[in-house]
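Fold and geometry: a report
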Amino acid sequence: FPSHDSSVEEPYAEVYRMPAIGRAQDAFIRASELIKEDGLDQQGLGEIHYLQGIAINLLSKPEEALRHFEQAEQRGFLTPYVLFNGGNACRSLGNQEEAQRLFKQALELMPDFPECQHNLCLSLYDSKQYQQAEIGYRLLLRDHPSYVQASFCLGNLLRERKRFPEAVEAYKLAIEHQNKLS
């Protein structure tokens, strides 16, 4: 799958870029205009619903965003990114079980999706499934050792579980890779 924000065809490319530069409201408005255009097939309508979902979720409306992601899927626009963003909306709503289902489904479609693996671990942690979250973080860091957020979150999890020497090592890994990024 290509990157979730790199649609090659205009006018979608513009809408994909808008949320990344703080223009979520503009992205939603533009996507709403596109949905009214003639000649869109079901998958094109699905992609527009996906774009609306991304924008509206950034405007702190996860319930509405989730409806748009569901519309995208119903119209045949099903990508790991639709599932991932749906999982994020569910997580915002506190529905960890559904968030985890969507994250896992996204990972089935695209196993090397570190951001999705990370958010699955966050959801596992939020639902007090600490052992599964720890395993997930360790697997993520095995495959992506420079994923700073994952090593930091693993450190937090280990610290809260009173496993201080391991937490220190996770924090050291986070600092080491953060310094390389700076």
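For the structure itself, consult the block above.
As a starting point, this report considers the structure included with it. Starting afresh in each chain, residues are numbered from 1 along the sequence in its written order. Reporting of local features is limited, given that this is a predicted model, to residues whose pLDDT is at least 70; pairs of side-chain atoms are given and counted only at 80 or more, and all residues count toward the totals for whole chains, interfaces and linings. Where side-chain values are given, they derive from all heavy atoms of the structure, hydrogens and water being excluded.

1. Here we look at the side chain of H68
To be explicit about the condition: Every helix listed is a DSSP run of H or I at least four residues long, and every strand listed is a run of E at least two residues long, numbered separately from the N terminus. Throughout, exposure labels follow a simple rule: accessible area from a 1.4 Å probe, protein chains only, divided by the maximum for the residue type, with under 20% read as buried, over 50% as exposed, and the rest as partly exposed. By definition in these notes, contact holds between two residues if any of their heavy atoms fall within 4.5 Å.
The residue H68 is located in helix α4 (residues 62-74) in this model. H68 gets classed as buried once you look at its relative accessible area, which sits at 12%. Sequence-distant contacts of H68, that is, excluding residues within four places in its chain, are made with F28, H49, Y50, Q52, G53 and I56.

2. Re the packing of aromatic side chains
For any pair of aromatic rings, geometry is given as the distance between the ring centres together with the angle between the planes. What counts here: Ring pairs are drawn from Phe, Tyr and Trp, using the six-membered ring of Trp, whenever the two centres fall within 6.5 Å, and their geometry is named by plane angle: stacked under 30 degrees, edge-to-face over 60, tilted for the rest.
If you walk through the whole model with that rule in mind, you get 8 aromatic pairs. Measuring from ring centre to ring centre gives 6.0 Å for F84 and F103, while their planes differ by 45°; the resulting arrangement is tilted. Of this pair, F84 sits in helix α5 (residues 80-92) while F103 sits in helix α6 (residues 96-109), and the two are 19 residues apart along the sequence. Summarising the burial analysis for this pair, F84 and F103 share the class buried. A network of ring pairs unites the aromatic residues Y16, Y50, F69 and F77 as a single cluster.

3. Description of the packing of helix α1 (residues 12-20) against helix α2 (residues 24-34)
Applicable threshold: All axes are obtained by fitting lines to C-alpha atoms, using only the stretch in contact for helices, and the reported angles, taken between N-to-C directions, cover 0 to 180 degrees. To sort the angles, those under 35 degrees are grouped as roughly parallel, those over 145 as roughly antiparallel, those from 65 to 115 as roughly perpendicular, and the leftovers as oblique. By definition, turning the near helix anticlockwise from the far helix through less than a right angle yields a left-handed crossing, and turning it clockwise yields a right-handed one. Classification used: nonpolar for Ala, Val, Leu, Ile, Met, Phe, Trp, Tyr, Cys and Pro, charged for Asp, Glu, Lys and Arg, polar for all others including Gly.
Orientation of α1 relative to α2, taken along the N-to-C sense of each, is 155°, at an axis distance of 7 Å. Taken as axis vectors, α1 and α2 run roughly antiparallel relative to one another. As for the relative orientation of α1 and α2, their crossing is left-handed in sense. Facing α1, whose interface residues are Y12, E14, V15, M18 and P19, α2 presents A24, D26, A27, R30, A31 and L34. Broken down by class, the residue content of the contact of α1 with α2 amounts to 8 nonpolar, no polar and 3 charged.

4. Structural notes on unusual backbone geometry
The phi torsion at S60 lies on the positive side, around 65°, for a residue other than glycine. The topology assignment puts S60 in the loop between α3 (42-58) and α4. Of note in the backbone geometry, K162 takes a positive phi value of approximately 65° without being a glycine.

5. Some points on the nonpolar core
How we decide: What makes a nonpolar core is a set of buried Ala, Val, Leu, Ile, Met, Phe, Trp, Tyr and Cys residues whose side-chain atoms join them at distances within 4.5 Å.
The biggest cluster of nonpolar side chains holds 50 residues, and the ones touching the most others in it are Y50, F69, F113, C116 and Y137. If we ignore the near neighbours within four places in the chain, the residues touching C116 are F84, F103, A106 and L107.

Treat this as a map of the structure, not an account of what it does.
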